[in-house]
Amino acid sequence: MFKKWQLTLLAILLSVVFAACSSDDESSANQEDGDITLEYWQYSFDSKVNLMDELIAEFEEANPGIKVKQTNFPYDQYNEQVAAQVPAGKGPDVINLFYGWVPTYVDAGYLQPLPQDAFPHEEIESEFFPLVEATKMDGEYWTIPTSVRTLALFYNKDLFEEAGLDPNSPPQTWEELEDYAVQLTKADGNGRLEQSGMAWEPAQQGHHWLRDGLTLQAGGQVLSEDRKEVVWADTPAGLEAFKYWLSFPTELGTSEQGFYTDDVTAFVTEKAAMNIDGSFRVGTLQGDAPDLNYAIAPLPGKDVQSTNASFWTNGITARVEGEKLEAATKFLEFLTSDDVMERWLDATGELPAKESVAMQDKYVNDEIYGPFIESLPFANAHFFVDETRERDLVIDAANRVLMEGQDPEEAFNQLVEATQKLYDEYWEK
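Note that the structure is a prediction, hence the values are computed from the model and not measured. (Residues numbered from 1 in each chain as written. Predicted model: local features only at pLDDT ≥ 70, side-chain atom pairs only at ≥ 80, totals over all residues. Heavy atoms only, no water.)

Undergrad: How should helix H3 (residues 46-62) be read in this particular structure?
TA: The terminal C-alpha atoms of H3 lie 25 Å apart, and with 17 residues this matches the ideal 24 Å at 1.5 Å per residue to within 8%. All buried positions along H3 are accounted for by Lys48, Val49, Leu51, Met52, Leu55, Ile56 and Phe59. All buried residues of H3 fall inside an arc of 160° around its axis, so they share one side. Residues of H3 that are exposed and angled more than 90 degrees away from the buried face: Asp46 and Glu61. Turning to H3, the residues buried within the fold contact strand E2 (35-43), strand E3 (66-73), strand E14 (312-317), helix H13 (322-335) and helix H14 (338-348). (Helix = DSSP H or I, 4+ residues; strand = E, 2+ residues; numbered from the N terminus. Expected span 1.5 Å × (residues − 1). Buried < 20%, exposed > 50% of the residue type's maximum accessible area, 1.4 Å probe, protein only. Arc of directions from axis to C-beta. Contact = heavy atoms within 4.5 Å.)

Below is the structure:
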């Protein structure tokens, strides 16, 4: 079933009259003493909000006559707020979206393609990492990111030493990751888990690790080239990855879903020795656990190298035109400048979206960010038709195995079938 915010966004397609009726009111409401005022929305994340306040002040100083007003909502309320505000004519001019939401917003008629005079396709494809093509639809780029994120292996150096493992030699293969996880796991006399060797949580980054990490590492694919067919089960690699992923909380006994609330909390409190997480977690660890003695390594691999990539990305809403469109385009050009990308990494831990910026020696050789940067050339950003529902399907499949004792192969086949149904529904529209 569609979520309420998705149905509301799709209903915007039927609200074209609104744009015409409200354009005069919006124009006057967004003019202050002759200035053009842009509404910019992003979700509430302190480091991003604070940096954006600084960037807006600099942009306004460099562009007299343009003002930018930032509005923020909690992550779990973001889409609902958009869906509620847009029909009332109070929505943003420039909006920050998780890339997996973009297809729904495009379907709703809520975004307009990026102006090609400012963002030529050949320039995007030569300067940005290929993963940004995940939001290219119908031959158009609808959004452009300042930064991207990849997944890597976080591990606790103190717990490695305690288990007799070399903290400078993290696991590099599937087999080594299993072996390390077992050695780093502790249980009490009743077999109850006290220390997880490998944190495991499908609702966090686990579903991304399965889809874009393990499946591709085993030599498989999730989607066909045209993004219409779910080919996850077309080769043995898909099931192999699914079984390996589930081996940590099952036969290996190194993990539990919900252990110490979730994998992030377990790692921060030193109840988990290893965790798969994104570069965005670095800032959180620096703030919440400054004394945690951890290191980061590229994801352990198998047949090929692969990791998940994701990103938040900026687009211009459909009703923006004229001078306001020119101002919004200038703002997007500013947000994707080299300098802003570097400052974004310093403030948030997210990686520059342009290859030339990310691959500078100071980042490639950085102890913390280097493993993420190293992984960018083989990072894969899955094309989501509905990120929330696709994530939930993976969680449901895992729960059928863990809680209901379903055979992993049967659970995997049901996952593939349900995902294909989701894609069929999307493309039929």
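Undergrad: Hey, could you run me through the pattern of salt bridges in this one?
TA: Two side chains of opposite charge can pair, provided their charged atoms sit close to one another. This structure, assessed with the given rule, holds 18 salt bridges. Here Asp93 makes a salt bridge to Lys324, at a shortest N to O gap of 3.7 Å. Of this pair, Asp93 sits in the loop between helix H4 (78-85) and strand E4 (94-98) while Lys324 sits in helix H13, and the two are 231 residues apart along the sequence. For Lys324, a relative accessible area of 14% corresponds to the buried category. One salt bridge connects Glu425 with Arg389, and the closest N-O pair in it is separated by 3.6 Å. Here Glu425, found in helix H19 (residues 408-428), pairs with Arg389, found in helix H18 (residues 387-402); they are 36 residues apart in sequence, far enough to count as distant. Judged by its relative accessible area of 29%, Glu425 is partly exposed. Taking relative accessible area as the criterion, Arg389 reaches 17% and is therefore assigned buried. Look at the salt bridges and you will find they share partners, linking Glu54, Glu58, Asp339 and Arg343 into a network. (Salt bridge = Lys/Arg side-chain N within 4 Å of Asp/Glu carboxyl O.)

Undergrad: Help me out: how do you make sense of the packing of aromatic side chains in this one?
TA: How two aromatic rings sit relative to each other is given by the distance of their centres and the angle of their planes. Scanning all chains against the criterion turns up 33 aromatic pairs. For the pair Tyr75 and Trp101, a centre-to-centre distance of 5.9 Å together with 40° between the ring planes defines the contact as tilted. One end of the pair, Tyr75, is in the loop between E3 and H4; the other, Trp101, is in the loop between E4 and helix H5 (102-107), with 26 residues separating them in the sequence. Their ring planes at 45° and their centres at 6.0 Å tell us that Trp209 and Phe248 sit as a pair that is tilted. Residue Trp209 is found in helix H9 (residues 202-217), and its partner Phe248 is found in the loop between helix H10 (236-247) and helix H11 (263-268); the two are separated by 39 residues along the sequence. Across this residue pair, the class does not change: Trp209 and Phe248 are buried. An aromatic cluster is present here, built from Tyr43, Phe45, Tyr75, Tyr78, Phe98, Tyr99, Trp101, Phe311, Trp312 and Phe384 joined pairwise through their rings. (Phe/Tyr/Trp six-rings, centres within 6.5 Å; stacked < 30°, edge-to-face > 60°.)

Undergrad: Please clarify how a negative patch on the surface should be interpreted in this entry.
TA: On the surface, a cluster of negative charge is contributed by Glu225, Asp226, Glu229, Asp234, Asp424 and Glu428. Tracing the backbone shows Asp424 in helix H19. (Patch = residues over 30% accessible without salt bridge, like charges linked within 9 Å, V, L, I, M, F, W, Y side chains within 5 Å. Areas by Shrake-Rupley, 256 points an atom, 1.4 Å probe, with all protein chains shown as cover. Lys, Arg positive; Asp, Glu negative; His and termini not counted. Charge placed at Lys NZ, Arg CZ, Asp CG, Glu CD.)

Undergrad: I'm lost on the pairing of strand E13 (residues 307-310) in this one. Help?
TA: Consecutive side chains along a regular strand alternate between the two faces of the sheet. The two faces of E13 match: Thr307 and Ala309 on one face and Asn308 and Ser310 on the other face are all buried. Sheet topology places E13 next to strand E16 (residues 379-380); two bridges connect them, and they run parallel. For Asn308, the partnering residue across the bridge sits in E16 and is Asn380. (Pairing = 2+ DSSP bridges.)

Undergrad: Sorry if this is basic, but what is going on with the nonpolar core here?
TA: The tendency in soluble globular proteins is for nonpolar side chains to be buried as a group. With 126 residues, the main nonpolar core has Leu131, Trp209, Trp245, Met274 and Phe331 as its most contacted residues. With near-sequence residues (within four places) excluded, Trp209 lies in contact with Leu151, Leu177, Met198, Trp200, Leu214, Tyr244, Trp245, Phe248, Ile276 and Leu299. If you look at the next biggest cluster of nonpolar residues, it comprises five residues, including Leu193, Ala199, Phe259 and Ala266. (Core = buried A, V, L, I, M, F, W, Y, C linked by side-chain atoms within 4.5 Å.)

Undergrad: What should I look at first to understand the packing of helix H8 (residues 174-183) against H10 in this one?
TA: Helix-helix packing is characterised by the crossing angle of the two axes and by the distance between the axes. Packing of H8 against H10 brings their axes to within 11 Å, and their N-to-C directions diverge by 15°. In terms of orientation, H8 lies roughly parallel with respect to H10. Where H8 crosses over H10, the handedness of that crossing is left-handed. For the pair formed by H8 and H10, the contact residues are Trp174, Leu177 and Glu178 on the first element and Glu240, Ala241, Tyr244 and Ser247 on the second. Across the contact of H8 with H10, the residue classes break down as four nonpolar, one polar and two charged. (Axes fitted to C-alpha atoms, helices over the stretch in contact; angles between N-to-C directions. Parallel < 35°, antiparallel > 145°, perpendicular 65-115°, else oblique. Left-handed = near helix turned anticlockwise from the far one by under 90°. Nonpolar A, V, L, I, M, F, W, Y, C, P; charged D, E, K, R; others polar.)

Undergrad: Would you take a moment to explain the packing of H10 against H18 for this structure?
TA: Where H10 meets H18, the axes come as close as 11 Å, and the angle between the chain directions of the two elements is 65°. Where H10 crosses over H18, the two elements pack in a sense that is right-handed. In this structure, H10 contributes Phe242, Trp245 and Leu246 to the contact, and H18 contributes Val394, Ala397, Ala398, Val401 and Leu402.

Undergrad: Is there a simple way to think about the side chain of Thr329 in this case?
TA: As for its position among the elements, Thr329 is in helix H13. Classification of Thr329 as buried rests on a relative accessible area of 9%. Other than its neighbours up to four places away in sequence, Thr329 contacts Pro115, Ala118, Phe119 and Ile316.

Undergrad: What exactly am I supposed to notice about the confidence of the model for the protein chain here?
TA: Interpreting fine coordinate detail is not advised for predicted regions of low pLDDT. On average, residues of the protein chain carry a pLDDT of 90, and 91% of them reach 70 or more. Within the model, the stretch residues 12-29 combines pLDDT values under 50 with 13 contacts to residues more than four positions away or in other chains. (pLDDT = per-residue confidence, 0-100.)

Undergrad: How should I be thinking about the environment of Asn190 in this particular structure?
TA: Tracing the backbone through its elements, the reader meets Asn190 in the loop between strand E9 (186-187) and strand E10 (193-195). Accessibility expressed as a relative area gives 76% for Asn190, which makes it exposed. A C-alpha to C-alpha distance of 51 Å links Asn190 and Trp41, two positions 149 residues apart in sequence.

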